[in-house]
Protein chains: 2
Amino acid sequence: MIADDHQLFAEGLRDALDSQPDLRVVGVAADGGELLTRLETQPADVILVDLEMPGIGGIEALRSLAGDIPALVVSMHVSDDTLSAARAAGAVGFFSKSASLHRLAAAIRAVAAGVTLIDLDDDQLEEVLAAHDRPQLDPGAASLTEREIEILSMLARGVSSTEELAERLFISQKTVKNHLASIFQKLSVSDRTQAAVEAIRLGLARRP
Amino acid sequence: MIADDHQLFAEGLRDALDSQPDLRVVGVAADGGELLTRLETQPADVILVDLEMPGIGGIEALRSLAGDIPALVVSMHVSDDTLSAARAAGAVGFFSKSASLHRLAAAIRAVAAGVTLIDLDDDQLEEVLAAHDRPQLDPGAASLTEREIEILSMLARGVSSTEELAERLFISQKTVKNHLASIFQKLSVSDRTQAAVEAIRLGLARRP
DNA sequence: CGGGAAATGGGTCACCCGGCCCATATGGGC
DNA sequence: GCCCATATGGGCCGGGTGACCCATTTCCCG
C-alpha cells in the first residue's frame, strides 16, 4: 500500500509497481489518516510512506502502526534528520524519490521477505538489493534463455510473424520456430498468442 | 517525453501514462540537458517538465526549446512565482504533482490538440479537461461490437484456438473466424497474437 | 415500413504454424 | 578433455489460420 499526498506520484508508482509480475498495490492513501483507515479493511505486506503529508504525516502514521507492517519511507528530500526520524518511527528502509524503480522494487521484495534495510551500510544494501533484483518468475519462465526472452518480448509487442521475427533478429525462420517451440514448452502454452499473453502477464513486454 | 530528476516519479508516470491507450511515453530525461539531447533524436508531441532539476533546470530547457514543442510544467510546489516563471518560459500548462493522473492525462490530450491551458481561469480549465477526459480509443477499437469485444477479451486471456472459442460461446467455429476477421480489420492487425496484444493494451483483458 | 448493422453460418484455398525427427558449432563447467 | 546447454539450422507433414467469396435471420432506428 502506498501513502503519498502527491497523487501523480502515487498513481504513477502504483501502475509501475503493478506492472511487476510479483508485486501488487492494494491501495493508495493521500495522508497518514487515510493510510491507517485503509489498513483496517485491507491488509498489506509492505507499505510505502511519504514523510511530508498534510494532516497526519508519515512519521505519526508509522508510530501508530508500531511496526505491525514493514514500512519503507520514500521521501523527497534526504537528510540525516529525516532519516533518523524515519528510523525512530520504525521504518525498515529509506529511499529518495530519486531512486530508481528497479531498486525500489528490489527493496520491496527484500522487506517483504523480512529484511531490515535501514541499518545497513551501502555495501550491504547493494548486496541485499541485488539478491532481490529480478522478480521471482514462474518456475517455467525462470528457465527461459536470453534469446527466448528476447523473442518473447517481441511477441508481446506484436511482432508475431515468423518472417518479421527472423528479419529483426538476423536469423533464419527455422531458428525462430525452434526458439518458439522451446518457449511454448517452458511456459506450458501451445501457440504464440498464449505465449504473448503470458509474456505480458510476466512483465516481459518491456521496451528495449 | 518526461523530464524529471526524481526517477521514481518519472518512471512511475511513464508506466501510468503508457497504460492509457492513446498516450505513449517516448523517453524519460533526468535533467534539462538530457531532455534537449533526447529531443534531437526522438521527436515528441508533448513534454512534461519538472522545474526543479539539477544542472539545466526546466525553465532553461523550456527557453531553449522556444516553444517548439508544447510543454506542461509538473512541479512539486505551486506558487505564483513558479507559475509565472513557467508561463514566461513558454509552458502551455502548469500542474502540481498533487494533481490526479486523470487530469494530467486530459491535459496532455488537450495540449497535444493545440490548446494552451496556462492562461485559462479555473472554469475554463475544467471545461477543457472534461472535453479531453476519456481516452480517444482507436477509431477501429471504438466500433467493436459487443460480441467482438467478448471474443477479444477471451483472446487476451489466452483462449486462442478457434475450437475452444467456439465451444465457450456455443457458436460454430466458422462464426468465430468471421468475428476474428472483423476484429483484425478494425484493429488493423493481421493475426490473433497481435489482436491479443492490442486488446491488453486497450484494457480489454478485464473481468475474470 | 424499409434499410442497415450485427450475429450466425457455409465454402474454398494458399500458406503458415506447431510438432516431430535431426545436425552442427560454440561455449562454459566439472 | 569431456559433457551439456545454447544458438543456429534443415526437412517433413498434418492441420489450423486468415483472406475471399457468399447467405440467412434478427433487430433497431429513422
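Predicted model only: the values in this text are computed from it and were never measured. (Residues numbered from 1 in each chain as written. Chains lettered and ligands numbered in written order. Predicted model: local features only at pLDDT ≥ 70, side-chain atom pairs only at ≥ 80, totals over all residues. Heavy atoms only, no water.)

Quick question: what am I supposed to make of the protein's contact with DNA strand C here?
The local shell around DNA strand C holds 17 residues, among which Thr 162 and Arg 192 of chain A together with Thr 145, Ser 172 and Asn 178 of chain B are the closest. In DNA strand C, atoms within 4 Å of the protein come from the sugar-phosphate backbone in 64% of cases. Interatomic distance of 2.6 Å between a backbone N/O atom of Ser 172 of chain B and a phosphate oxygen of DNA strand C. Between a phosphate oxygen of DNA strand C and a side-chain N or O atom of His 179 of chain B, the distance comes to 2.8 Å. At the level of secondary structure, the elements contributing two or more residues to the surface near DNA strand C comprise α10 (173-187) of chain A together with α8 (146-155) and α10 (173-187) of chain B. If one sorts the elements of the surface near DNA strand C by residue count, α10 of chain B sits on top with four residues. Here the surface near DNA strand C is built from residues that sort into two nonpolar, eight polar and seven charged. (Near = heavy atom within 4 Å. Polar contact = N/O pair within 3.5 Å; in protein donor to acceptor, adjacent residues only side chain to side chain. Helix = DSSP H or I, 4+ residues; strand = E, 2+ residues; numbered from the N terminus. Nonpolar A, V, L, I, M, F, W, Y, C, P; charged D, E, K, R; others polar.)

For this particular structure, what's the right way to read the packing of aromatic side chains?
To describe a pair of aromatic rings, you give the distance between the ring centres and the angle between the ring planes. What the rule picks out here adds up to one aromatic pair over all chains. When the ring of Phe 9 of chain A is compared with that of Phe 9 of chain B, the centres are 6.4 Å apart and the planes differ by 10°; the resulting orientation is stacked. Here Phe 9 of chain A is found in helix α1 (residues 7-18), whereas its partner Phe 9 of chain B is found in helix α1 (residues 7-18) on a different chain. Residue class for Phe 9 of chain A comes out buried when judged on its relative accessible area of 3%. Over the face of the ring belonging to Phe 9 of chain A we find Lys 97 of chain A, whose NZ or CZ atom lies 4.2 Å from the ring centre. (Phe/Tyr/Trp six-rings, centres within 6.5 Å; stacked < 30°, edge-to-face > 60°. Buried < 20%, exposed > 50% of the residue type's maximum accessible area, 1.4 Å probe, protein only. Lys NZ or Arg CZ within 6 Å of the ring centre and 35° of its normal.)

Got a minute to help me understand the domain arrangement of chain A in this structure?
Interfaces are often described in size by the accessible area the parts lose on coming together. Parsing chain A into structural domains produces domain 1 (2-131) and domain 2 (139-206). Centre-to-centre, using C-alpha coordinates, domain 1 of chain A lies 35 Å away from domain 2 of chain A. (Domains from an automatic or database assignment.)

Before we go on, may I ask you to explain the sheet that holds strand β3 (residues 47-49) of chain A in this structure?
Neighbouring strands of a sheet are bound in pairs by backbone hydrogen bonds; such pairs are parallel or else antiparallel. All names here are of chain A. Spatially, the five strands line up as an open sheet ordered β2-β1-β3-β4-β5, and their pairing is parallel. This sheet does not close on itself; its edge strands, each paired only once, are β2 (28-29) and β5 (93-96). Two strands pair when backbone bridges link them, and strand β1 (residues 2-3) and β3 are joined in this way by two bridges, in the parallel orientation. Bridge assignment links Ile 2 to a residue of β3, and that residue is Leu 48. This element, helix α5 (residues 101-112), spans β3, β4 (71-75) and β5 of the sheet and lies at about 160° to β4. (Pairing = 2+ DSSP bridges. Contact = heavy atoms within 4.5 Å. Axes fitted to C-alpha atoms, helices over the stretch in contact; angles between N-to-C directions.)

Any chance you could explain the pairing of strand β4 (residues 71-75) of chain B here in plain terms?
Successive side chains on a regular strand alternate, one facing one side of the sheet and the next facing the other. Residues and elements named next belong to chain B. Extensive coverage of β4 is indicated by the burial of five of its five residues. By the bridge criterion, three bridges tie strand β3 (residues 47-49) to β4 in an arrangement that is parallel. Bridged to Ile 47 within β4 is Ala 71. In terms of handedness, the path from β4 via helix α4 (residues 80-89) over to strand β5 (residues 93-96) forms a crossover that is right-handed. (Right-handed = clockwise from strand over helix to strand, strands pointing away.)

Whenever I open this one, the protein's contact with DNA strand D confuses me. Can you help?
Near DNA strand D, the surroundings consist of 16 residues, among which Thr 145, Ser 172 and Asn 178 of chain A together with Thr 162 and Arg 192 of chain B are the closest. Among all atoms of DNA strand D positioned within 4 Å of the protein, those belonging to sugar or phosphate total 62%. Residue Arg 147 of chain A places a side-chain N or O atom 2.9 Å away from a phosphate oxygen belonging to DNA strand D. Measuring from a phosphate oxygen of DNA strand D, one finds a side-chain N or O atom of Thr 175 of chain A at 3.0 Å. Contributing elements (two or more residues each) for the surface near DNA strand D: α8 (146-155) and α10 of chain A together with α10 of chain B. Taken together, the residues of the surface near DNA strand D break down into two nonpolar, eight polar and six charged.

In this structure, what is going on with the pattern of salt bridges? I would like to understand it.
Residues and elements named next belong to chain A. All told, the structure shown has 21 salt bridges over all chains when counted by the stated rule. Residues Glu 34 and Arg 38 are paired through a salt bridge, measuring 3.1 Å at the closest nitrogen-oxygen approach. Residue Glu 34 and its partner Arg 38 are located together in helix α2 (residues 32-41), separated by four residues, close to a single helical turn. Assessed through its relative accessible area of 27%, Glu 34 is described here as partly exposed. By relative accessible area, which is 35% here, Arg 38 ends up partly exposed. The partner of Glu 198 in a salt bridge is Arg 201, with the nearest N and O atoms 2.9 Å apart. With Glu 198 and Arg 201 both in helix α11 (residues 192-201) and three residues apart, the pair spans about one turn of that helix. Taking the relative accessible area as the measure of exposure, Glu 198 reaches 17% and is therefore buried. It is possible to trace a salt-bridge network through shared partners that takes in Asp 4, Asp 50 and Lys 97. (Salt bridge = Lys/Arg side-chain N within 4 Å of Asp/Glu carboxyl O.)

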